[in-house]
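Coordinate inspection notes
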Amino acid sequence: MNQEHYMEEALKMRNLLEEFLEKHDGVRYPSILGVREHIFTGSVSSLAWFMSNQETSFVTIGQRVLANPLRVRFHYGHPDIFDRLFHLTRGGISKASKIINLSEDIFAGFNSTLREGNVTHHEYMQVGKGRDVGLNQISLFEAKIANGNGEQTLSRDIYRLGHRFDFFRMLSCYYTTIGFYFST
């Protein structure tokens, strides 16, 4: 895993793990805790700086809004911490097929939400992340996200989430997953 954990952030881990003991929406305990990412390869070049800012806007700013107030944040990558007991007692963490599910991380969030889990985001902690910052890697990342959204349209998970969410949460889920690609 291309993650780095800073010493001062490691001291906050106890506080982060105690978030599993609090009901965040007043009803359910969290099953996935999301934290911020700091792209430390952003100072390599101007292209790396652009990619770092792009990643920061999606992973930090976007995830904050998806978690609260929209409540449609799923699992978006490495820095999330799973409640292992919750997931193992409800069928596992992700899908079994490596061909169908390119974006296995969001499917883990779908499974958690469908099984009455709660996914949160916490700003007081961050982990470092290194990225390959070439122009080809930026376009491959965008292609991976687009392919993942194509897979979401083929899965039954979006259909099931749409039937369980209220109207506003369903629209938020649509426009933050496959609807974004349909509209663009």
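Residues numbered from 1 in each chain as written. Predicted model: local features only at pLDDT ≥ 70, side-chain atom pairs only at ≥ 80, totals over all residues. Heavy atoms only, no water.

Going by the annotation in an unreviewed UniProt entry, the name recorded for the protein is Glycosyl transferase 48 domain-containing protein, with Aegilops tauschii subsp. strangulata given as the source organism.

**Some words on the layout of surface pockets**
The volume enclosed by the largest pocket comes to roughly 860 Å³. Every residue lining the largest pocket is counted, 34 residues in all, and those nearest its centre are Phe 58, Tyr 76, Asp 105, Phe 141 and Ile 145. Taken together, the elements giving at least two residues each to the lining of the largest pocket come down to α3 (46-67), α5 (104-114), α6 (135-154), α8 (167-176) and α9 (178-183). The element best represented in the lining of the largest pocket is α3, accounting for 7 residues. (1 Å grid on protein atoms, 1.4 Å probe; cavity = no way out; pocket = protein on both sides within 12 Å on 5 of 7 lines; lining within 4 Å. Points joined across faces, edges and corners; volume = space filled by probe spheres on them. Helix = DSSP H or I, 4+ residues; strand = E, 2+ residues; numbered from the N terminus.)

**Things to note about the environment of Glu 4**
Note that Glu 4 resides in strand β1 (residues 3-4). Residue classification places Glu 4 among the partly exposed positions, given a relative accessible area of 36%. Separated by 60 residues in the primary sequence, Glu 4 and Arg 64 place their C-alpha atoms 21 Å from one another. If we ignore the near neighbours within four places in the chain, the residues touching Glu 4 are Phe 40, Val 127 and Gly 128. (Buried < 20%, exposed > 50% of the residue type's maximum accessible area, 1.4 Å probe, protein only. Contact = heavy atoms within 4.5 Å.)

**Considerations on the pattern of salt bridges**
Oppositely charged side chains are able to pair whenever their charged atoms sit close together. On inspection of all chains with the given rule, the structure shows 6 salt bridges. The closest approach of N and O atoms between Glu 37 and Lys 129, which form a salt bridge, is 3.4 Å. Within this pair, whereas Glu 37 is found in strand β2 (residues 32-39), its partner Lys 129 is found in strand β4 (residues 119-129), the two being separated by 92 residues in sequence. Across the pair, Lys 129 and Glu 37 agree in class, each one buried. The shortest N-O distance in the salt bridge between Asp 80 and Arg 73 comes to 3.1 Å. Each of Arg 36, Arg 64 and Glu 123 takes part in a single network of salt bridges with overlapping partners. (Salt bridge = Lys/Arg side-chain N within 4 Å of Asp/Glu carboxyl O.)

**A closer look at the sheet that holds β4**
Across the sheet, 4 strands lie side by side as β1-β4-β2-β3; this open sheet has mixed pairing. Of all the strands in the sheet, just β1 and β3 (81-82) have a single pairing partner and so form its edges. Where β1 and β4 come together, 2 bridges link them in antiparallel fashion. Looking at β4, one finds that Glu 4 is bridged to Gly 128. Lying over the sheet, α3 contacts β2 and β4, oriented at roughly 160° with respect to β4. (Pairing = 2+ DSSP bridges. Axes fitted to C-alpha atoms, helices over the stretch in contact; angles between N-to-C directions.)

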